[in-house]
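In case you want the letters, here they are:
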Amino acid sequence: MRVIRAFVDRPLGPGASIELPDDAAAHLVRVLRLREGDACVLFNGDGFDHDARLVKVGKRGASAEIVGTRAVDVESPLRITLVQGIARGEKMDWILQKATELGVAAFLPVSSDRSEVRLDAERAAKRHAHWRSVVTSACEQSWRARVPEVSAPQPLAAALAALPGSSARWLLDPEAETGIAGLAAPAGDVVLAIGPEGGWSANDRAALVAAGFGGLRLGPRILRTETAGMAAIAALQARFGDLAG
């Protein structure tokens, strides 16, 4: 029997009654056609799944009662932050969705010299809200109860300046001497940098190297931006994370 999960940005706990946000109510009632008394699972990113039932369904919304709470531990022991050159439209959505399914812990969308997407302040705010929605939807599907952080889009230099100092940092380079099989297990978090459709410029690469990024060979072929990150994340998760079984 299919279990329906929905993200709600509300405090949740046993016995609580909540008015569902408009987007969650619309999804549960209008799309999935749940009715009063039907069961669902709500989560808000606190690491728990909250069993719930709908207690009121109306034309203008719905409310639910929390009947139980369960800890969910499906997070990878390998915490990966993806520094992703902003890609166009659905490519960026696809990257965020699939990387969330693969267990990425945080996203830093960045603009760089060869970025094909240029966002003014208004568009950047709209894209940021949309990207967060894509990630929470991917968490619904993949049973994650911790929602990865999605930073607001920013220039590469600003993102590099804000990175924690203790992480392992890699950027893909088909000419690098080190491959994933030759890596030592990272002592802490990992930061992976993937360029936009046009790749990293020489200036971008110099900034990444100056920020402590080492080259990592994934294979002899040049991969598209929407392929490169997923292949590298899957390989790293299989070697150091939780995809090895």
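Scroll up to find the structure.
For clarity, every value in this text was computed on a predicted model and none was experimentally measured.

Peer 1: Any chance you could explain the overall build of the protein here in plain terms?
Peer 2: What the protein contains, in helices and strands, is 6 helices and 12 strands. Relative to its length of 245 residues, the protein is compact, with a C-alpha radius of gyration of 20 Å against a globular reference of 18 Å. Its C-alpha atoms put the protein at 60 × 40 × 30 Å along the principal axes. Counting over 245 residues, the protein shows a buried share of 45%. In the protein, of all internal contacts separated by at least 6 residues, the share reaching a separation of at least 24 is 69%. Counting every atom, the protein has about 12,400 Å² of accessible surface; 50% of that belongs to carbon and sulfur. Each charge sign in the protein was given a centre, from 29 positive and 29 negative side chains, and these centres are 4 Å apart.

Peer 1: Help me understand the packing of aromatic side chains in this model?
Peer 2: Here the distance between the centres and the angle between the planes together describe a pair of aromatic rings. Applying the stated criterion across every chain yields a total of 1 aromatic pair. Ring centres 5.5 Å apart and planes at 65 degrees place the aromatic pair Phe7 and Phe43 in the edge-to-face group. Residue Phe7 is found in strand E1 (residues 5-7), and its partner Phe43 is found in strand E3 (residues 39-43); the two are separated by 36 residues along the sequence. One exposure class covers both Phe7 and Phe43, and it is buried.

Peer 1: Which parts of the structure should I look at to understand the side chain of Glu140?
Peer 2: In this structure, Glu140 sits in helix H3 (residues 121-142). The side chain of Glu140 sits in the buried core without any salt bridge; Arg5 is the nearest counter-charge, 7.2 Å away. Separated by 2.8 Å, the side chain of Glu140 and the backbone nitrogen of Phe7 make a polar contact.

Peer 1: Any chance you could explain the pattern of salt bridges here in plain terms?
Peer 2: Once the charged atoms of two side chains with opposite charge are near each other, the side chains can pair. With the rule as written, the count across this model stands at 11 salt bridges. In this structure, Asp49 and Arg5 form a salt bridge, with 2.8 Å as the shortest nitrogen-oxygen distance. On the criterion of sequence distance, the pair formed by Asp49 in strand E4 (residues 48-58) and Arg5 in strand E1 is long-range, its members being 44 residues apart. Of the two residues, Asp49 and Arg5, both sit in the buried class. Among the charged side chains, a salt-bridge network with shared partners connects Arg88, Lys91, Glu116 and Glu197.

Peer 1: Can you help me understand the pairing of E4 in this one?
Peer 2: The two faces of a sheet get side chains in turn, since along a regular strand they alternate between them. Sheet topology places E3 next to E4; 4 bridges connect them, and they run antiparallel. When the sheet's bridge partners are listed, Leu42 is paired in E4 with His50. Linking E3 to E4, which pair antiparallel, is a turn of 4 residues; within it Gly45 sits at a positive phi near 95 degrees. Judged from the 10 bridges that link them, E4 and strand E5 (residues 61-71) form a sheet pairing that is antiparallel. Each residue of the ladder has a partner; that of Val57, found in E5, is Ala62.

Peer 1: Looking at this structure, I do not really get the environment of Asp51. What am I missing?
Peer 2: For Asp51, the position within the fold is in strand E4. Sequence-wise, Asp51 and Arg70 are 19 residues apart; in three dimensions their C-alpha atoms are separated by 7.9 Å. Sequence-distant contacts of Asp51, that is, excluding residues within four places in its chain, are made with Cys40, Val41, Glu65, Ile66, Val67, Gly68 and Arg70.

Peer 1: Would you explain the environment of Ala99 in this entry?
Peer 2: Within the element layout of this structure, Ala99 appears in helix H2 (residues 89-101). On the accessibility criterion, Ala99 (0% relative accessible area) is buried. Spatially, the C-alpha atoms of Ala99 and Pro148 are 9.9 Å apart, while their sequence positions differ by 49 residues. Not counting residues within four places of it along the chain, the set of residues in contact with Ala99 comprises Leu82, Val104, Phe107, Met230 and Ile233.

Peer 1: Can you help me understand the packing of H2 against helix H6 (residues 225-240) in this one?
Peer 2: When two helices pack together, their arrangement is given by the angle between the helix axes and the distance between those axes. Contact geometry of H2 with H6 gives a least axis separation of 9 Å together with a crossing angle of 10 degrees. On the basis of their axis angle, the class for H2 and H6 is roughly parallel. Across the interface between the two elements, Lys91, Trp94, Ile95, Lys98 and Ala99 of H2 pack against Thr225, Glu226, Met230 and Ile233 of H6. A breakdown of the residues in the contact of H2 with H6 according to their chemical character gives 5 nonpolar, 1 polar and 3 charged.

Rules and cut-offs
Residues numbered from 1 in each chain as written. Predicted model: local features only at pLDDT ≥ 70, side-chain atom pairs only at ≥ 80, totals over all residues. Heavy atoms only, no water. Helix = DSSP H or I, 4+ residues; strand = E, 2+ residues; numbered from the N terminus. Rg over C-alpha atoms; globule rule 2.2 N^0.38 Å. Buried < 20%, exposed > 50% of the residue type's maximum accessible area, 1.4 Å probe, protein only. Contact = heavy atoms within 4.5 Å. Areas by Shrake-Rupley, 256 points an atom, 1.4 Å probe, with all protein chains shown as cover. Lys, Arg positive; Asp, Glu negative; His and termini not counted. Charge placed at Lys NZ, Arg CZ, Asp CG, Glu CD. Phe/Tyr/Trp six-rings, centres within 6.5 Å; stacked < 30°, edge-to-face > 60°. Salt bridge = Lys/Arg side-chain N within 4 Å of Asp/Glu carboxyl O. Polar contact = N/O pair within 3.5 Å; in protein donor to acceptor, adjacent residues only side chain to side chain. Pairing = 2+ DSSP bridges. Axes fitted to C-alpha atoms, helices over the stretch in contact; angles between N-to-C directions. Parallel < 35°, antiparallel > 145°, perpendicular 65-115°, else oblique. Nonpolar A, V, L, I, M, F, W, Y, C, P; charged D, E, K, R; others polar.

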